[in-house]
Amino acid sequence: MASLTARASDRLERAFGAARARTRTPGRRTRTTVVLGRVLGVMLIVCFATGLYSHVLQNPLDWLPLLPRPVHLYRVTQGLHVITGLALIPVLLGKLWSVYPRLFAWPPVSGPVTLLERGSIALLVGAAVLEVALGVMNIAQWYPFPFSFRAVHFVLAWVLVGAMILHIGIKLPLIQAYWRRRPDGSSEDEPTEPRTWPDAPDPDTERQPTVAEGVSRRGALIAVGSAAGVVALATAGQTVAPLAPLAVLAPRRPGIGPQGLPVNRTAAEAGVIASARSPEWRLTVVGPDGSADLSLMDLRSMPQHTVELPIACVEGWSQNAVWTGVRVQDVIALVGAGPDSDVRFTSLQTRGAFATSRMRHEYVSDPLSLIALRLGGETLDIEHGYPARVIAPGRPGVRQTKWLSAVEVTT
Ligand SMILES: Nc1nc2c(c(=O)[nH]1)N[C@H]1C(S)=C(S)[C@@H](COP(=O)(O)O)O[C@H]1N2
Ligand SMILES: [Mo]
């Protein structure tokens with residue numbers, strides 16, 4: 001029995017050694033991994049920070065003030081979130097390419113340090129792949145899973161960042177050693193594998209192929225860099241209008257949709273066509289002094305204001321538009337509430353998470369926050385929320401509730 005296990009282990013050791021020898025290529029060096037790791041680290045931090053910002057806007061913390069201005073802030077942060085999230089896919093793949101022969105290290109685990117090292121890498125890679133996949137599925141509006149996208153994406157983001165910090169800590173000596181290019185410009189650094197696994201005897205040392213042929217570091221970095229650039233360019237057009245013609249990866253593009261603005265959920269999908277067009281439609285306003293039912297004529301006879309504000313979707317697309325309507329603060333003043341109130345909006349749409357939204361006092365007191373009745377000088381198209389919708393500065397698109405039916409003052 002013992003000899004059987006020894007024979008199997010011997011075979012595996014040889015197979016792993018052969019696999020390592022076969023995957024040897026000049027570009028797969030520690031320096032390559034460090035260069036890609038630096039880029040990936042920066043992209044992950046940008047993605048994490050912008051993601052946190054989006055999360056806070058959607059789940060506000062009582063003690064943290066929200067910023068309605070600059071009005072384009074969320075558009076920029078969320079555009080960056082999605083662009084970096086997609087562009088880091090090729091970088092992640094490149095970095096995995098640069099190290100994957102170490103999967104064939106022998107013995108797989110040689111002590112507590114390698115166990116921690118390999119465990120943290122498994123966590124890091126697993127979290128990164130899942131996180132990116134969930135993000136892509138969300139952009140594609142494909143929700144085959146029963147859990148809440150946002151909650152899981154948020155928790156995984158922390159796991160990912162934690163695993164990244166652990167990984168950087170463990171690899172710090174290598175990162176320091178290969179942070180800079182060699183002063184003489186030579187590529188005298190070590191191939192990734194023997195350097196990182198000094199204790200792994202290579203059974204194939206006698207038949208080692210030369211590392212002169214195969215993918216070079218330059219080739220690998222150029223391939224990864226161009227792939228990331230192409231992904232970024234093919235996405236950025238959904239939020240940077242002049243790049244729109246290139247936005248082949250973007251599900252929604254500026255200028256395409258009713259009244260020249262994309263639509264995320266249609267009136268038919270929301271089941272509001274009849275109720276939105278009904279002559280019986282009223283906006284119910286509830287506040288400290290009681291309630292009022294406003295008809296469209298009532299709203300149109302109040303002071304009208306025109307603002308230029310973007311719709312900035314969490315999915316990364318955004319577009320500026322010109323909106324006309326009544327100020328949120330003017331509407332709640334009718335029921336005795338001051339501009340520093342918090343409010344809740346309810347839609348004619350009865351199903352789904354977007355049927356209601358809250359707006360905190362920072363936005364309510366901002367004169368740019370409107371209950372919009374018009375878009376680009378015309379009556380709102382039903383797809384954009386006719387008869388009335390929310391539009392406010394610096395807010396995620398999901399909070400710009402369409403097809404309003406009620407406004408309630410909550411504090
Ligand atoms: N009632 C309701 N309002 C809604 C939505 C929705 O599904 N239902 N989608 C939101 C999302 S995710 C975005 S990005 C914006 C898009 O506005 P638009 O369709 O007018 O461009 O509307 C928001 N308002
Ligand atoms: Mo959205």
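Preceding this section is the structure that the text describes.
Participant: Talk me through the packing of helix α2 (residues 30–58) against helix α5 (residues 149–177); I want residue IDs and the actual numbers.
Facilitator: Where α2 meets α5, the axes come as close as 10 Å, and the angle between the chain directions of the two elements is 150°. Taken together, α2 and α5 sit at an angle that is classed as roughly antiparallel. Handedness of the crossing formed by α2 with α5: left-handed. When α2 is examined against α5, the residues T30, V34, G41, L44, I45, F48, L52, H55 and Q58 are found in contact with a partner set consisting of R150, F154, A157, W158, L160, V161, M164, L174 and I175.

Participant: So what's going on with the side chain of H81? Which residues, and what values?
Facilitator: Along the chain, H81 turns up in helix α3 (residues 73–99). Among the polar contacts made by the side chain of H81, one reaches the main-chain amide nitrogen of G51 at a distance of 3.4 Å. In this structure H81 touches C47, T50, G51 and H153, once residues within four positions along its chain are discounted.

Participant: Could you give an account of α3, with specific residues and numbers?
Facilitator: Taking 1.5 Å per residue, 27 residues should reach 39 Å; α3 reaches 38 Å between its end C-alpha atoms and fits that length. Among the 27 residues in α3, 20 count as buried, and that is most of the element.

Participant: Report on the packing of α2 against α3, specifying residues and quantitative values.
Facilitator: At their nearest, the axes of α2 and α3 sit 8 Å apart, and the two run at 150° to each other. Classed by the angle they form, the pair α2 and α3 counts as roughly antiparallel. The interaxial crossing formed by α2 with α3 has left-handed handedness. Along the lines of polarity and charge, the residues of the contact of α2 with α3 split into 17 nonpolar, 14 polar and 1 charged.

Participant: Account for the pairing of strand β5 (residues 343–347), naming residues and giving values.
Facilitator: Burial of β5 is one-sided: the residues V343, F345 and S347 facing one way are buried, the residues R344 and T346 facing the other way are not. Sheet topology places β5 next to strand β6 (residues 356–359); 4 bridges connect them, and they run antiparallel. Paired with F345 across the two strands is S357, which belongs to β6. Sheet topology note: the β5/strand β10 (residues 404–409) ladder contains 5 bridges and is antiparallel. Pairing of T346 across the sheet is with A406, part of β10.

Here is what the cut-offs are and how they apply
- Residues numbered from 1 in each chain as written.
- Chains lettered and ligands numbered in written order.
- Predicted model: local features only at pLDDT ≥ 70, side-chain atom pairs only at ≥ 80, totals over all residues.
- Heavy atoms only, no water.
- Axes fitted to C-alpha atoms, helices over the stretch in contact; angles between N-to-C directions.
- Helix = DSSP H or I, 4+ residues; strand = E, 2+ residues; numbered from the N terminus.
- Parallel < 35°, antiparallel > 145°, perpendicular 65-115°, else oblique.
- Left-handed = near helix turned anticlockwise from the far one by under 90°.
- Contact = heavy atoms within 4.5 Å.
- Polar contact = N/O pair within 3.5 Å; in protein donor to acceptor, adjacent residues only side chain to side chain.
- Expected span 1.5 Å × (residues − 1).
- Buried < 20%, exposed > 50% of the residue type's maximum accessible area, 1.4 Å probe, protein only.
- Nonpolar A, V, L, I, M, F, W, Y, C, P; charged D, E, K, R; others polar.
- Pairing = 2+ DSSP bridges.

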